[in-house]
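# Reading the structure
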Amino acid sequence: MAVAWACVAWGGRAGATDMVRRLVPRDKTETSSTLEWIMARGGKVPRHALPVHPQEAEGPFWCRGRHHGFHLAGIAYPEGPCVVPFLAKLRKIDKFDFLVSVNGSARIAFKAWDKFTVKPDYAVLTPDKMLVLAPPEPLPDVPQMPGHLGTERRDREAFLVDGDGVKTASAALVMVEVEPTEYTLTDILLEAKRSRITKSHVLLANLTLENEAEEEVEVSKLETYVVKEQHYWGQVKGTVRALNTTITSPQDPPLAMPFPKDSSFTCQWGIANNKAHVNSLTVTRRLPAGVGVEATLDGTRRYYEAPYTATITAHYPDGEVNERRIEALHTHKALEGVQVTFHRFYNLTTGDTLDIAPSNHTVFQLTTTTTTTTTTTTTTTTTTTTTEPPTTTLQSITEIPTELPTEINNEVTQLESKSHSKDTDSVAFQRAQEDTNGGRTYTTPTDRLLSALASLYTTLVFRYYVTH
């Protein structure tokens, strides 16, 4: 069963506080985010102190006192002392702590336990003992008695405050803490008068555009850059860190909020939320023939911080909610604007810097609705500088050559070519010649030698037959 929060108002807190420990699976403990122990002072009860019985706002209240090295749970009225059961007697401890719901944020419940069952998870600890009520089932005219139960497996009896004596029980209700599953943050009011804004420069990318055509054209390039954004909504006592939180747009949001106006987004509460945005931008510039330009993408990063008030609502697994007003600090780091700057214009052939004035253009700007404003960067620059067109042009790699190579990659042919290097007609043997049918024939020095030998042989044979 869930217990409502009741408290006695108190103008401040005691000096000494200690966050509650609670039992978690595998017999481990962890610190609670919504419950704490506050030292009693001057007969006053801290604000949001938890009464033993919710309907009794004036007390008694849950307390703990140290006796024989153990923190024992018991009950106390505003003036004290803390009465705790120890073995068969009650002990009165003047120096003690009240159990307090931090800023009224805690939600507690009681789960049934007996000596045959495992102790429930998320039980509230002193930290040496669990806080219990018995009997488990309320009886007519028999109030439930507060007390404590050991945390060890061998601890099978609860010790209870029964009037002026001590009573034991093998079954009881164990106090457990119920944590929310998520938060919502609404009705946000940023204090503009106490806000602070600082800006810094960030280099996003370097790029170059080049016009290799023979006439003035627009040159474009797609550039990708990463922008990091961070927002933080503070950590308030009594809240669970890293819990999913849905945040609605604040009233009159400042420039560059992480979400559009009148919408919401989800983040993790109490920690800095980082996002990386990958953006693409096409940079276009009209350039004269044979001219290139070096450019940069420059960003303006804005840091914003301001205190705020808002309503935070805790949502629980059973559908119950608990809302309260909080005060916290909001910070936001975002890219406020992006501009492209054309720095140096140069001649593609010589690399010389041209006398063209640098210029810059805004291409992105955040507004209160995070809409982006883009401007075209295709401005035309008129210049009196003339650039000679290239004397060579690129050719297709599939073009068939009209002449043979001037060197033959054959060792024997190279030797022959060297031996005839001084002949006036030796080059003719390296070139293509027209045959009688209009086709092309190719001759080499080897063919020339064989042809000469054949002619000599024919001549000798002819002379032999003539003389005989």
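Located above this text is the structure these notes cover.
Heads up: these notes are all about the structure in this document. In this text, all values refer to a predicted model and were calculated from it rather than measured experimentally.

## Comments concerning the overall build of the protein
Along its length, the protein carries two helices and 26 strands. Taking all 468 residues of the protein together, 40% fall into the buried category. Long-range contacts, defined here as pairs at least 24 residues apart, represent 70% of the contacts in the protein between residues at least 6 apart. For the protein, the exposed surface amounts to about 26900 Å²; the carbon and sulfur share of it is 51%.

## Re the nonpolar core
Ranked by internal contacts, the top residues of the largest apolar core, which has 26 residues, are L209, V283, L297, V338, F342 and F345. Listed by contribution, the elements that provide at least two residues to this core are β17 (196-210), β18 (217-232), β21 (273-287), β22 (291-315), β23 (321-347) and β24 (359-365). No other element matches β23, which puts six residues into this core. Y183, L185, L190 and W233 belong to the second-largest nonpolar core, a separate cluster that totals 21 residues.

## Digging into the pattern of salt bridges
Applying the stated rule across the entire model yields 14 salt bridges. Its salt-bridge partner being R196, residue E305 comes within 3.3 Å of it at the nearest N-O pair. In this pair, E305 is assigned in strand β22 and R196 in strand β17, connecting sequence segments 109 residues apart. Overall, R196 belongs to the partly exposed group, its relative accessible area being 41%.

## Focus: the state of the cysteines
Counted by the stated rule, this structure contains one disulfide. Across the disulfide from C63 sits C82; the S-S distance is 2.0 Å. Judged by the sign of its S-S torsion, about 80 degrees, the bond between C63 and C82 is right-handed. Residue C63 is found in strand β4 (residues 61-67), and its partner C82 is found in strand β6 (residues 82-86); the two are separated by 19 residues along the sequence. When its relative accessible area of 0% is taken as the criterion, C63 is described as buried. Under the relative-accessibility criterion, C82 is labelled buried at 0%.

## Quick look at unusual backbone geometry
Residue P60 follows G59 across a cis peptide bond; omega there is 10 degrees. As for its placement among the helices and strands, P60 is situated in the loop between β3 (28-39) and β4. In this structure, P135 follows A134 across a cis peptide bond, with omega equal to 0 degrees. Inspection of the secondary structure puts P135 in the loop between β11 (129-134) and β12 (145-150). Even without a glycine there, the phi angle at H48 is positive, about 70 degrees. Of note in this structure, A242 is not a glycine but carries a positive phi near 70 degrees.

## Some points on empty space enclosed by the protein
Tallying each qualifying case throughout the model produces two cavities of 30 Å³ or more. One number sums up the size of the largest cavity: a volume of about 80 Å³. When residues of the lining of the largest cavity are traced back to their parent elements, those giving at least two are β22 and β23. Broken down by element, the lining of the largest cavity gets its largest block of residues, three residues, from β22. Of the residues in the lining of the largest cavity, the class split is five nonpolar, six polar and one charged.

## Describing the environment of I312
When you line up the elements, I312 lands in strand β22. Residues I312 and I188, spaced 124 residues apart in sequence, show a C-alpha to C-alpha distance of 9.5 Å. If near-sequence neighbours (up to four positions away) are discounted, I312 is found in contact with Y183, T184, L185, T239, W269, N322, E323, R324 and I326.

## As for the packing of aromatic side chains
What the rule picks out here adds up to four aromatic pairs. Summarising the aromatic geometry, the rings of F61 and F98 are spaced 6.1 Å apart at their centres and angled 90 degrees between planes, so their arrangement reads as edge-to-face. Pair noted here: F61 is in strand β4 and F98 is in strand β8 (residues 96-101), with a separation of 37 residues, a long-range link. By the burial criterion, F61 is buried, and F98 matches it. Ring centres of Y183 and W269 lie 6.3 Å apart, and the angle between their planes is 70 degrees; this geometry places the pair in the edge-to-face category. Highlighted residues: Y183 in strand β16 (residues 182-190) and W269 in the loop between β20 (264-268) and β21, separated in sequence by 86 residues. Its relative accessible area of 0% is what places W269 among the buried residues. By way of ring pairs, the aromatic residues F61, F96 and F98 are connected into one cluster. The ring of Y316 carries R107 above its face, with NZ or CZ at 4.9 Å from the centroid. Against the face of F342 rests R285, its NZ or CZ located 4.7 Å from the ring centre.

## Focus: the environment of P288
On the secondary structure map, P288 appears in the loop between β21 and β22. Separated by 78 residues in sequence, P288 and E210 place their C-alpha atoms 9.4 Å apart.

Definitions and cut-offs
Residues numbered from 1 in each chain as written. Predicted model: local features only at pLDDT ≥ 70, side-chain atom pairs only at ≥ 80, totals over all residues. Heavy atoms only, no water. Helix = DSSP H or I, 4+ residues; strand = E, 2+ residues; numbered from the N terminus. Buried < 20%, exposed > 50% of the residue type's maximum accessible area, 1.4 Å probe, protein only. Contact = heavy atoms within 4.5 Å. Areas by Shrake-Rupley, 256 points an atom, 1.4 Å probe, with all protein chains shown as cover. Core = buried A, V, L, I, M, F, W, Y, C linked by side-chain atoms within 4.5 Å. Salt bridge = Lys/Arg side-chain N within 4 Å of Asp/Glu carboxyl O. Disulfide = S-S within 2.5 Å. 1 Å grid on protein atoms, 1.4 Å probe; cavity = no way out; pocket = protein on both sides within 12 Å on 5 of 7 lines; lining within 4 Å. Points joined across faces, edges and corners; volume = space filled by probe spheres on them. Nonpolar A, V, L, I, M, F, W, Y, C, P; charged D, E, K, R; others polar. Phe/Tyr/Trp six-rings, centres within 6.5 Å; stacked < 30°, edge-to-face > 60°. Lys NZ or Arg CZ within 6 Å of the ring centre and 35° of its normal.

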